[in-house]
Amino acid sequence: MNWEALTDWRQLLVWPGPDTEPAVWVTQVFTVVLCTVTVNFILMRVIDIIDHFSRETHNLWDDALLDSLRIPIRLLIWVVGLSVAAEMMQAVSEAAVFDYVGDVRRVAFILIVALFLTKLVGNVEKNLIDPDRMRNPMDQTTASAVGKLLRISVFITAFLIILQTLGYSISGVLAFGGLGGMAVAFAAKDLLANFFGGAMVYMDKPFKVGEWVRSPDRSIEGTVEHIGWRLTRIRTFDQRPLYVPNAMFTTAILENPSRMLNRRINEKVGIRFDDWEKMPAIVDAVREMAKKHKDLETDHRTLIVNFDSYGASHIEFFIYTFTKTTDWVTYHEIKQDVLMRIMALVHEHGAEFAFPSRTLYMAANDESDDEFEDDEDQAAEGRAAQSRSRRRGRNRRDRNQTWKGDQDQSEEDADGD
């Protein structure tokens, strides 16, 4: 290789050709690659500086845009630099592989744009559901559904443009897709049912990620972790993952306890029959306590405290009210406090709680003695009847045995004769 050809620096500015010295075009290729690396490094530092200042603003679009541009810009610089170097080598070489440089470059540009758009959609989706960035953050389920649709649209569009770039007819592909879609629809009807079931979940939004759902007719209960296009993952309360096909949500009855406004307290309390006169005062005291309780919602919800029914060993009154909180743990703490206050009010009024009991009424002594004598007579008569029955049984057995013995004796005499 003649390195002396580099003494004329003007040769480095001329596009290489078949007659270019190897030392010249190798230096040119090396220079292009070096410039690519340098520009890439400088541009990344510039983006870091811009990103540092943009984070001090409250605009969510600049952060999403800069973060989406990082990788695509680096790839774009490398594609441009490497394609220029490849074209230089194509000018001095007759290898057939360099004939595809143009197609590869165009496909790479399309993929880089698609990558940028998908990353931009993902970053905007994260910002829209972030409460630190949005005053009214978007529902996570809706944002996820819209983001998936946009990403799928970008992928399909990029795929069709690449086919068109490579010389394939898009109209033929679309026609084939129409016929193939019919075949797929018949072959994958369950998959499509799950897909449209997921679409209905995204549109109707009967639940979202993080909510507690329950299906009375399908034995499903737990917290929603993920809503996909085919399956929804629910974490049961015993920490097992439950994968539910989305098609089920189009027919199943769902209950969403996470969206309840209040939790209900409905308890019955029993006191003794002997304290019936104190029942009205106890009921009034419990009702007044419930109205003044800071954790019970009595202004806009039903409050009932009344004598309710007669029990087997007690009389009952019930309390029907609602708590202000919907949190499961806090609800039980409030319920405990209410029940403890009811116990204190019952004891303050001198009443007692009932427990299962039975009252036995004993007969008088003279009547019991007569009954005892009658029982003795009946017992004696029974014993006498049993004794007579046993004697008759023995007599029958004796007669049977005697008759049988006489019969055996007569048979022996007959044999002897």
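Basis of the calculations
- Residues numbered from 1 in each chain as written.
- Predicted model: local features only at pLDDT ≥ 70, side-chain atom pairs only at ≥ 80, totals over all residues.
- Heavy atoms only, no water.
- Pairing = 2+ DSSP bridges.
- Helix = DSSP H or I, 4+ residues; strand = E, 2+ residues; numbered from the N terminus.
- Axes fitted to C-alpha atoms, helices over the stretch in contact; angles between N-to-C directions.
- Expected span 1.5 Å × (residues − 1).
- Buried < 20%, exposed > 50% of the residue type's maximum accessible area, 1.4 Å probe, protein only.
- Arc of directions from axis to C-beta.
- Contact = heavy atoms within 4.5 Å.
- Core = buried A, V, L, I, M, F, W, Y, C linked by side-chain atoms within 4.5 Å.
- Phe/Tyr/Trp six-rings, centres within 6.5 Å; stacked < 30°, edge-to-face > 60°.

K.L.:
Quick rundown of the sheet that holds strand β2 (residues 220-227)? Include the residues and the values.
P.N.:
Sheet architecture is open: four strands sit in the order β1-β2-β3-β4, paired in antiparallel fashion. Where the open sheet ends on each side, the last strands, each with one partner, are β1 (212-215) and β4 (241-245). Shown here is a sheet whose adjacent strand axes are inclined to one another by a mean of 45 degrees, direction ignored. Two elements, strand β3 (residues 231-235) and β4, share five bridges in a ladder whose sense is antiparallel. Bridge pairing in β4 places Leu231 opposite Pro245.

K.L.:
Outline helix α7 (residues 279-292), listing residues and values.
P.N.:
Across its 14 residues, α7 extends 20 Å between first and last C-alpha, which sits within 8% of the 20 Å expected from 1.5 Å per residue. Those residues of α7 that sit buried are Met279, Ile282, Val283, Ala285, Val286, Met289 and Ala290. Axial view of α7: buried residues confined to an arc of 165 degrees, hence all on one face. The inward-facing, buried residues of α7 contact β5 (263-271), β6 (304-310), β7 (315-323) and α8 (328-348).

K.L.:
Give me the lowdown on the sheet that holds β6, citing residues and values where you can.
P.N.:
Taken in spatial order, the three strands make up an open sheet running β5-β7-β6, and their pairing is antiparallel. If you trace the sheet from one side to the other, it starts and ends with β5 and β6, each paired once. In this sheet, neighbouring strand axes are inclined to one another by 25 degrees on average, regardless of whether the strands run parallel or antiparallel. Where β6 lies against β7, six bridges are found, and the strand directions are antiparallel. Counterpart to Asn306 in the pairing with β7 is Phe318. Each of β5, β6 and β7 is contacted by α7, which is oriented at about 10 degrees to β7, the strand it contacts most. In the packing of α8 onto the sheet, the strands contacted are β5 and β7, and the crossing angle to β5 comes to about 25 degrees.

K.L.:
Quick rundown of the nonpolar core? Include the residues and the values.
P.N.:
Soluble globular proteins tend to bury their nonpolar side chains together. In terms of nonpolar packing, the biggest core is built from 22 residues, with Ile282, Val286, Phe317, Ile319, Val338 and Ile342 touching the most fellow members. Elements supplying a minimum of two residues to this core: β5, α7, β7 and α8. Looking at this core, the element that brings in the most residues is α7, giving seven residues. Excluding residues within four positions of it along the chain, Ile342 makes contact with Val269, Val286, Met289, Phe317 and Ile319.

K.L.:
Before we move on, could you go through the packing of aromatic side chains and cite the residues and values that matter?
P.N.:
Under the defined criterion, the tally for this structure stands at seven aromatic pairs. Judged by centre distance (6.4 Å) and plane angle (80 degrees), the ring pair of Trp212 and Trp328 falls under edge-to-face. Placement of the pair is Trp212 in strand β1 and Trp328 in helix α8, with a sequence separation of 116 residues. Classification of Trp212 by relative accessible area gives buried; the value is 16%. For Trp328, a relative accessible area of 45% translates into the label partly exposed. Between the aromatic rings of Phe307 and Tyr310, the centroid separation amounts to 5.6 Å while the plane-to-plane angle is 90 degrees, which identifies the pairing as edge-to-face. Phe307 gets classed as partly exposed once you look at its relative accessible area, which sits at 38%. The exposed category is assigned to Tyr310, whose relative accessible area is 64%. An aromatic cluster is built from Trp212, Phe237, Trp328 and Tyr331, whose rings are joined through pairwise contacts.

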